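Secondary and tertiary structure notes
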Amino acid sequence: MSKKIQSINPYNNELLKEFDYFTDDELEQKIIKANDAFLVWKKTSYEEKVKLFKNLYEIMMSKKEELAKLNTFEMWMLYSDALWDITKSSSNILFFANNAKDYLASKEINEHWVKAKIVYEPMWIIFSIMPWNYPFNQVLRSVIPNLIAWNVVLLKHASNVPQVAVKLEELFKEAWFPEWVYTNLFITHDKTEKIISDFRIKWTNVTGSDIVWREVWKLSWMYIKPSIIELGWNDAFIVWNVKNIDAVVSKAVKARFSNNWQKCNSSKRFIVLNSVYDEFLAKFKTQVEALKVWDPMVATTNIWPLAKKSAVDTIEKQVSETISAWAELITGWERIDWVGAFYKPTILAWVKSWMKTFKEETFGPVASVIKASYIYDAVKLANDSVYGL
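A brief report on the enclosed structure follows. Bear in mind the structure is a predicted one, so any value in this text is a computation, not a measurement.

Quick notes on the sheet that holds strand β9 (residues 227–230)
Reading across from one edge, β7-β6-β5-β8-β9 is the order of the five strands in this open sheet, with parallel pairing throughout. What marks the edges here is a single partner per strand, and that holds for β7 (182–184) and β9. For this sheet the average axis-to-axis angle between neighbouring strands, irrespective of direction, equals 15°. Here four bridges tie strand β8 (residues 201–207) to β9, and the two strands are oriented parallel to one another. Bridge pairing in β9 places Val206 opposite Ile229. Across the sheet, helix α1 (residues 24–41) lies against β5 (125–129), β6 (152–156) and β7, angled at about 150° from β6, the strand it touches most. Across the sheet, helix α8 (residues 210–222) lies against β5, β8 and β9, angled at about 165° from β8, the strand it touches most.

So, in structure tokens, the structure goes:
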């Protein structure tokens, strides 16, 4: 492991910036400061919080082009998608600022001889681990509801987007949030237990792979801490008895290629009934091979580098093992011979439920096409997954 956390441009492997990991003493100081901030933040009025959130919204919208470019140059999200990431994140901030008072209002219950009152209180410090595929939105959709409910957040962002992590902390400060209410953590994985075991940390919040969650869950269970999780998805796209196969294929390509195939809820398994299987596969191949691989700053680009080289390694392994299990390669299965983390869009046919790309979430340019005899078989195959749909 590098002694520093590195921001690397996946388009050309250029090292953009390096940051030091926190020492144990530095981490302890961050927790102390977050705890002190909570004692003040929990007394902040709702009206004052709304002002701060609206400040944050306005600052993000005024800097959306700058923030979108940071998205693009650090993880190579298509620039138009990166603008959406900033706009969506900002709209979430405004939504909670305008609606959280109703959500958090006390509720009286007086029915069936029961009298009670529901009161919402802050938990304390939330430890959050977030992924890289939507670097601003993934963080803010988690952090904003927690902050507006008077919690404070210690957040470990994905290791390949450290510049976004720093920028997020800067945005909160620029919006005049009290210091340490939101704190970025540059930590190695072995510091996770130190954080979760700390009595001041009351909750964990994880979006990411099931591998990450298993480690966090074991520690949360060990130290009796609740946790909120969002893990991988393995969505199914079922095709049957269609009148306009061309329109369906276009939607299939769009459903798979969102954010360069790096999206948890994009379609990954295409389950197609016998009657349209061959036609769907042929037209799917034609449209996929027509996608343009190029610079994500260019609006007409369809395929761009994956977020990091290790993502290409993972996809390559999944595809190779699936082909070894007798799936049919329709197109792709190779790295693009450029400097960055490029991988050619790949279609695999005759994929079966025991094969790698069926069983696992494929977070990159791979589509598995599965044949089904009846609609009931298609539904059964769609549900044959340990992941969410």
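Considerations on α1
Taking 1.5 Å per residue, 18 residues should reach 26 Å; α1 reaches 25 Å between its end C-alpha atoms and fits that length. All of the buried residues along α1 are Leu27, Lys30, Ile31, Ala34, Asn35, Ala37, Phe38 and Trp41. Seen end-on, α1 carries its buried residues on one side only, within an arc spanning 165°. Turned more than 90 degrees from where α1 packs its buried face, Asp25 and Val40 sit exposed. Packed against the buried residues of α1 are α2 (46–62), β5, α5 (137–148), β6, β7 and α7 (192–197).

Regarding the packing of helix α3 (residues 64–75) against helix α6 (residues 162–174)
Packing of α3 against α6 brings their axes to within 9 Å, and their N-to-C directions diverge by 160°. With respect to their mutual orientation, α3 and α6 come out roughly antiparallel. For the pair α3 and α6, the sense of crossing is left-handed. Of the residues in α6, those touching α3 at Glu66, Leu67, Leu70, Asn71 and Glu74 are Pro162, Gln163, Val164, Lys167 and Leu171. Residues of the contact of α3 with α6, tallied by class, amount to five nonpolar, two polar and three charged.

Focus: unusual backbone geometry
In most cases, non-glycine residues show a negative phi, while peptide bonds are predominantly trans. One non-glycine residue with positive phi stands out, namely Trp176, at about 75°. With respect to the secondary-structure elements, Trp176 resides in the loop between α6 and β7. Backbone geometry places Ile224, a non-glycine residue, at a positive phi of 55°. Among the secondary structure elements, Ile224 is positioned in the loop between α8 and β9. Residue Ile224 is classed as exposed on the basis of its relative accessible area, which comes to 75%.

Here's the deal with the packing of α3 against helix α4 (residues 79–103)
Remark: α3 packs on α4, axes separated minimally by 8 Å, with the N-to-C direction vectors making an angle of 125°. Between α3 and α4, the angle is such that the two are oblique. Here α3 runs over α4; the crossing is right-handed. Along its contact with α3, which presents Lys64, Glu65, Leu67, Ala68, Lys69, Asn71 and Thr72, the element α4 presents Tyr79, Ala82, Leu83, Asp85, Ile86 and Thr87. The residue makeup of the contact of α3 with α4, split by class, is six nonpolar, three polar and four charged.

Details of the packing of aromatic side chains
Taken as a whole and judged by the stated rule, the model has 19 aromatic pairs. Ring plane angle 45° and centroid distance 6.2 Å describe the contact between Phe95 and Tyr103, whose orientation is recorded as tilted. A ring pair is formed by Tyr277 and Trp350, whose centres lie 5.4 Å apart and whose planes are at 50°; its orientation type is tilted. You can see Tyr277 sitting in helix α10 (residues 274–289) and its partner Trp350 sitting in the loop between β13 (346–349) and α12 (356–359), a full 73 residues away along the chain. Exposure remark for Tyr277: the relative accessible area of 0% places this residue in the buried category.

Observations concerning the environment of Gly364
If you trace the backbone, Gly364 turns up in the loop between α12 and β14 (366–372). For the pair formed by Gly364 and Asp25, sequence separation is 339 residues and the distance between their alpha carbons is 38 Å.

Focus: the nonpolar core
One finds Leu56, Met60, Phe127, Phe136, Leu147, Phe172 and Phe177 to be the most contacted residues of the largest nonpolar core, which totals 70 residues. The contacts of Phe136, once residues within four sequence positions are left out, are Met60, Leu67, Leu70, Asn71, Asp85, Ile86, Ser89, Val164, Lys167, Leu168 and Leu171.

Structural notes on the pairing of β13
What you see with β13 is no split at all: Thr346 and Leu348 on one side and Ile347 and Ala349 on the other are buried throughout. Bridge count between β13 and β14: three bridges; the pairing is parallel. Across the sheet, the residue bridging to Leu348 is Ser368, located in β14.

About the criteria used
Residues numbered from 1 in each chain as written. Predicted model: local features only at pLDDT ≥ 70, side-chain atom pairs only at ≥ 80, totals over all residues. Heavy atoms only, no water. Pairing = 2+ DSSP bridges. Helix = DSSP H or I, 4+ residues; strand = E, 2+ residues; numbered from the N terminus. Axes fitted to C-alpha atoms, helices over the stretch in contact; angles between N-to-C directions. Contact = heavy atoms within 4.5 Å. Expected span 1.5 Å × (residues − 1). Buried < 20%, exposed > 50% of the residue type's maximum accessible area, 1.4 Å probe, protein only. Arc of directions from axis to C-beta. Parallel < 35°, antiparallel > 145°, perpendicular 65-115°, else oblique. Left-handed = near helix turned anticlockwise from the far one by under 90°. Nonpolar A, V, L, I, M, F, W, Y, C, P; charged D, E, K, R; others polar. Phe/Tyr/Trp six-rings, centres within 6.5 Å; stacked < 30°, edge-to-face > 60°. Core = buried A, V, L, I, M, F, W, Y, C linked by side-chain atoms within 4.5 Å.

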